[in-house]
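# Structural features, examined
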Amino acid sequence: MSTPEKKARIYFAGSIRGGREDLEIYKELITYLQTKGTVLTEHIGLDDLDDLNKEKKRTDVDIWERDMEWLYSCDVIVAEVTRPSLGVGYELGIAEKIRKRVILLFRDDTGKQCSAMLTGNAHFKERITYTKVATACEQLDALL
Ligand SMILES: O=c1[nH]c(=O)n([C@H]2C[C@H](O)[C@@H](COP(=O)(O)O)O2)cc1CO
């Protein structure tokens, strides 16, 4: 009997307190990523963060401890960085320090540029620039 293949543990990073303007995009990306593995941070795609894991009832210390455990233990981080977020920037800084694989997603239809701290950084060499989520998913498919 063959052993079942281990599902990839995916840490999806996206803005929460930095602003929820891209929520619909996060939802689509998370739904796609769930076909590729277990998305640890699926709460990032919820309309109401209270729905799934009582995010609003957690203390900030609980959130930070849980997310650090997920960040250190995941197989890959997929970060949607179009909407700037202090939390996502912090997670990516740690990812670089612990040499965790990161795939960055950035939309090219906003007239904004991605931070040079990411685009100038050799650790973040896997970058997807996209307009439509379907295109981003096609490119993710080639990487995951
Ligand atoms: O309630 C939360 N839950 C949570 O998982 N995070 C993590 C995951 C996200 O990738 C990132 C978002 O950071 P920020 O809230 O600064 O935009 O931080 C952040 C918050 C709130 O800061």
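Structure: see above.
So, here's what we can say about the structure. (Residues numbered from 1 in each chain as written. Predicted model: local features only at pLDDT ≥ 70, side-chain atom pairs only at ≥ 80, totals over all residues. Heavy atoms only, no water.)

### Re the overall build of the protein chain
From N to C terminus, the protein chain includes 5 helices and 5 strands. At 15 Å, the protein chain has a C-alpha radius of gyration in line with the 15 Å of a compact globule built from 144 residues. Principal axes of the C-alpha set define a box for the protein chain whose edges measure 45 × 45 × 30 Å. Expressed as a percentage of its 144 residues, the buried residues of the protein chain come to 45%. Sequence separation of 24 or more characterises 63% of the internal contacts of the protein chain that already satisfy a separation of 6 or more. A total of about 8,400 Å² of accessible surface is found on the protein chain, and carbon and sulfur atoms cover 54% of it. Averaging the locations of the 22 positively and 25 negatively charged side chains of the protein chain gives two centres separated by 3 Å. (Helix = DSSP H or I, 4+ residues; strand = E, 2+ residues; numbered from the N terminus. Rg over C-alpha atoms; globule rule 2.2 N^0.38 Å. Buried < 20%, exposed > 50% of the residue type's maximum accessible area, 1.4 Å probe, protein only. Contact = heavy atoms within 4.5 Å. Areas by Shrake-Rupley, 256 points an atom, 1.4 Å probe, with all protein chains shown as cover. Lys, Arg positive; Asp, Glu negative; His and termini not counted. Charge placed at Lys NZ, Arg CZ, Asp CG, Glu CD.)

### Remarks on the pattern of salt bridges
Once the charged atoms of two side chains with opposite charge are near each other, the side chains can pair. According to the stated counting rule, one finds 11 salt bridges in the structure shown. Of the charged contacts, one joins aspartate 60 and arginine 17 as a salt bridge, the two residues approaching to 2.9 Å between their closest N and O atoms. Highlighted residues: aspartate 60 in helix α2 (residues 60-73) and arginine 17 in the loop between β1 (8-13) and α1 (23-33), separated in sequence by 43 residues. Residue class for arginine 17 comes out exposed when judged on its relative accessible area of 69%. Linked by salt bridges that have partners in common, Asp22, Glu80, Arg107 and Asp109 make up one network. (Salt bridge = Lys/Arg side-chain N within 4 Å of Asp/Glu carboxyl O.)

### Some remarks on the layout of surface pockets
Considering only enclosed or pocket space, the largest pocket measures out at about 550 Å³ in volume. For the largest pocket, the lining is made up of 22 residues, of which Arg17, Ile63, Asp67, Gly87 and Glu91 are closest to its centre. Counting only elements with at least two residues in the lining of the largest pocket, the list comes to β1, α2 and α3 (86-97). For the lining of the largest pocket, the class distribution of residues is 11 nonpolar, 5 polar and 6 charged. Within this model, the second largest pocket holds a volume of roughly 270 Å³. Forming the walls of the second largest pocket are 15 residues, and the residues nearest its centre are Val81, Pro84, Ser85, Ser115 and Leu118. (1 Å grid on protein atoms, 1.4 Å probe; cavity = no way out; pocket = protein on both sides within 12 Å on 5 of 7 lines; lining within 4 Å. Points joined across faces, edges and corners; volume = space filled by probe spheres on them. Nonpolar A, V, L, I, M, F, W, Y, C, P; charged D, E, K, R; others polar.)

### A word on the state of the cysteines
In total, this model carries 0 disulfides according to the counting rule given. No disulfide involves cysteine 74; its sulfur sits 19 Å from the nearest other cysteine sulfur, which is in cysteine 137. A disulfide-free cysteine, cysteine 137 has its sulfur positioned 18 Å from the sulfur of cysteine 114, the nearest such atom. (Disulfide = S-S within 2.5 Å.)

### So, the pairing of strand β5 (residues 127-130)
Burial of β5 is one-sided: the residues Ile128 and Tyr130 facing one way are buried, the residues Arg127 and Thr129 facing the other way are not. Alignment of strand β4 (residues 102-107) against β5, held across 4 bridges, turns out to be parallel. Within the sheet, the bridge partner assigned to leucine 104 lies in β5 and is arginine 127. (Pairing = 2+ DSSP bridges.)

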